[in-house]
Amino acid sequence: VHKKIKVTNHFSRLQISIFVVLFALIGGYFIINSFAATNDLPSCTTTVSSAAAVQTALNAAPAGSTICLSDGTYGKLTLSATKTTPGVTIRAQNPGQTIINGASLSGTYLTLAQFKSTDEIITQNNSDHMTILHNFITGGYMGATTGPGTYNSQRVTNITVRGNRFVGPLGEDG
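Bear in mind that the values here come from a model prediction, so they are computed numbers and not experimental data. (Residues numbered from 1 in each chain as written. Predicted model: local features only at pLDDT ≥ 70, side-chain atom pairs only at ≥ 80, totals over all residues. Heavy atoms only, no water.)

Description of the nonpolar core
Which entries qualify depends on this criterion: Here, the term nonpolar core denotes a set of buried Ala, Val, Leu, Ile, Met, Phe, Trp, Tyr and Cys residues that are joined through side-chain atoms within 4.5 Å. Exposure classes here rest on a 1.4 Å probe applied to the protein chains alone. A residue is buried below 20% of its type maximum, exposed above 50%, and partly exposed in between. Per the convention used, a helix needs a DSSP run of H or I reaching at least four residues, while a strand needs a run of E reaching at least two, with both numbered from the N terminus. We call two residues in contact whenever any of their non-hydrogen atoms come within 4.5 Å of each other.
Core analysis: the biggest nonpolar cluster contains 24 residues, and Leu77 and Leu112 have the highest contact counts within it. Residue assignment for this core shows that the elements contributing at least two residues are helix H2 (51–60), strand S2 (66–69), strand S4 (77–82), strand S5 (88–92), strand S7 (103–113) and strand S10 (128–133). No other element matches the four residues that S7 contributes to this core. Contacts of Leu112, omitting those with residues within four sequence positions, involve Leu77, Leu79, Ile90, Ile100, Ala103, Leu105, Ile121, Thr131, Ile132, Leu133 and Asn135.

What follows is the structure in structure tokens.
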């Protein structure tokens, strides 16, 4: 009888441990998937409804602006601008409701945030103070890449990749 009680206690602890692990995993999934960090991004200064309009708005945007891309599905965003601190944020109008087919960023002080991306997000050579923040990335070779090109020619500095979720088949180092 004493051994049976000990076995029962062991399973009881095991069941509790499994429950705690599952709870942590499921809770973590919902936190990540909810784009919980939306409160730390400013509200939209300008809202546009095409990929081309994002670059046009970016060209005109003063530092501190937030350009929002309307909900929907778009091609690849190719964005280039040299801004000063605090930079310009390009984000989904509603977190996770704007789908892009990847992005290519070049310049200084740009933030790309809260998109669903079906291809990788690339920060080009000679970029500085770029941020890839709270995106859901489901494709591309690496998911997020900084400074493509030969390894000894890469010159990217102060790149932040934070709070993103990478899902799906990615390359060898994805």
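Anyway, onward from the coordinates.
Some words on the side chain of Arg91
Heads up, the rule is: The convention is simple: Lys and Arg are positive, Asp and Glu are negative, and His and the chain ends are not counted. Only one rule defines a salt bridge in this text: a Lys or Arg side-chain nitrogen within 4 Å of an Asp or Glu carboxyl oxygen.
Residue placement: Arg91 occurs in strand S5. Look at Arg91: it is buried, it has no salt bridge, and the nearest opposite charge is Asp71 at 8.2 Å. If we ignore the near neighbours within four places in the chain, the residues touching Arg91 are Leu41, Pro42, Ser43, Cys44, Thr66, Ile67, Cys68, Leu69, Ala113, Gln114 and Phe115.

Description of the side chain of Lys83
We count it as follows: We call two N or O atoms a polar contact when they sit within 3.5 Å, provided that within protein one can donate a hydrogen and the other can accept it, with sequence-adjacent residues counted only if both atoms are side-chain atoms.
Along the polypeptide, Lys83 turns up in the loop between S4 and S5. One buried charge, Lys83, has no salt-bridge partner; the nearest side chain with opposite charge is Asp128, at 15 Å. A polar side-chain atom of Lys83 sits 2.9 Å from the main-chain carbonyl oxygen of Leu58. Leaving out residues up to four positions away in the same chain, Lys83 has contacts with Leu58, Asn59, Ala61, Val88, Thr108, Tyr109 and Leu110.

Focus on the packing of aromatic side chains
Note the following rule: Pairing of aromatic side chains requires ring centres within 6.5 Å, counting the rings of Phe and Tyr and the six-membered ring of Trp. Pairs whose planes differ by under 30 degrees are stacked, by over 60 edge-to-face, and all others tilted. To sit over a ring, a charge needs its Lys NZ or Arg CZ within 6 Å of the ring centre and within 35 degrees of the ring normal.
Taken as a whole and assessed by the stated rule, the structure comprises zero aromatic pairs. Directly above the ring of Phe136 sits Lys116, whose terminal nitrogen or CZ lies 6.0 Å from the centroid.

Thoughts on the state of the cysteines
Cut-off, in case you're wondering: Here, a disulfide means two cysteine sulfur atoms that sit within 2.5 Å of each other.
For the structure on display, the rule yields one disulfide. In this model Cys44 forms its disulfide with Cys68; the gap between the sulfur atoms is 1.9 Å. As the torsion about the S-S bond is roughly -90°, the Cys44-Cys68 disulfide counts as left-handed. Taken together, the residues Cys44 in the loop between helix H1 (2–33) and strand S1 (46–48) and Cys68 in strand S2 connect sequence positions 24 residues apart.

Looking at the pairing of S2
Short version of the rule: Two strands make a pair as long as DSSP finds a minimum of two bridges between them. Handedness rule for crossovers: strands pointing away from the viewer, path from the first strand over the helix to the second running clockwise, crossover right-handed.
Side chains of S2 alternate between two faces, with Thr66 and Cys68 and Ile67 and Leu69 buried alike. Across three bridges, the pairing between S1 and S2 is parallel. Opposite Thr47, over in S2, you have Cys68 as the bridge partner. At this point the chain moves from S1, through H2, to the parallel S2, and the crossover so formed is right-handed. The sheet contact formed by S2 and S5 spans four bridges and is parallel. When the sheet's bridge partners are listed, Ile67 is paired in S5 with Ile90.

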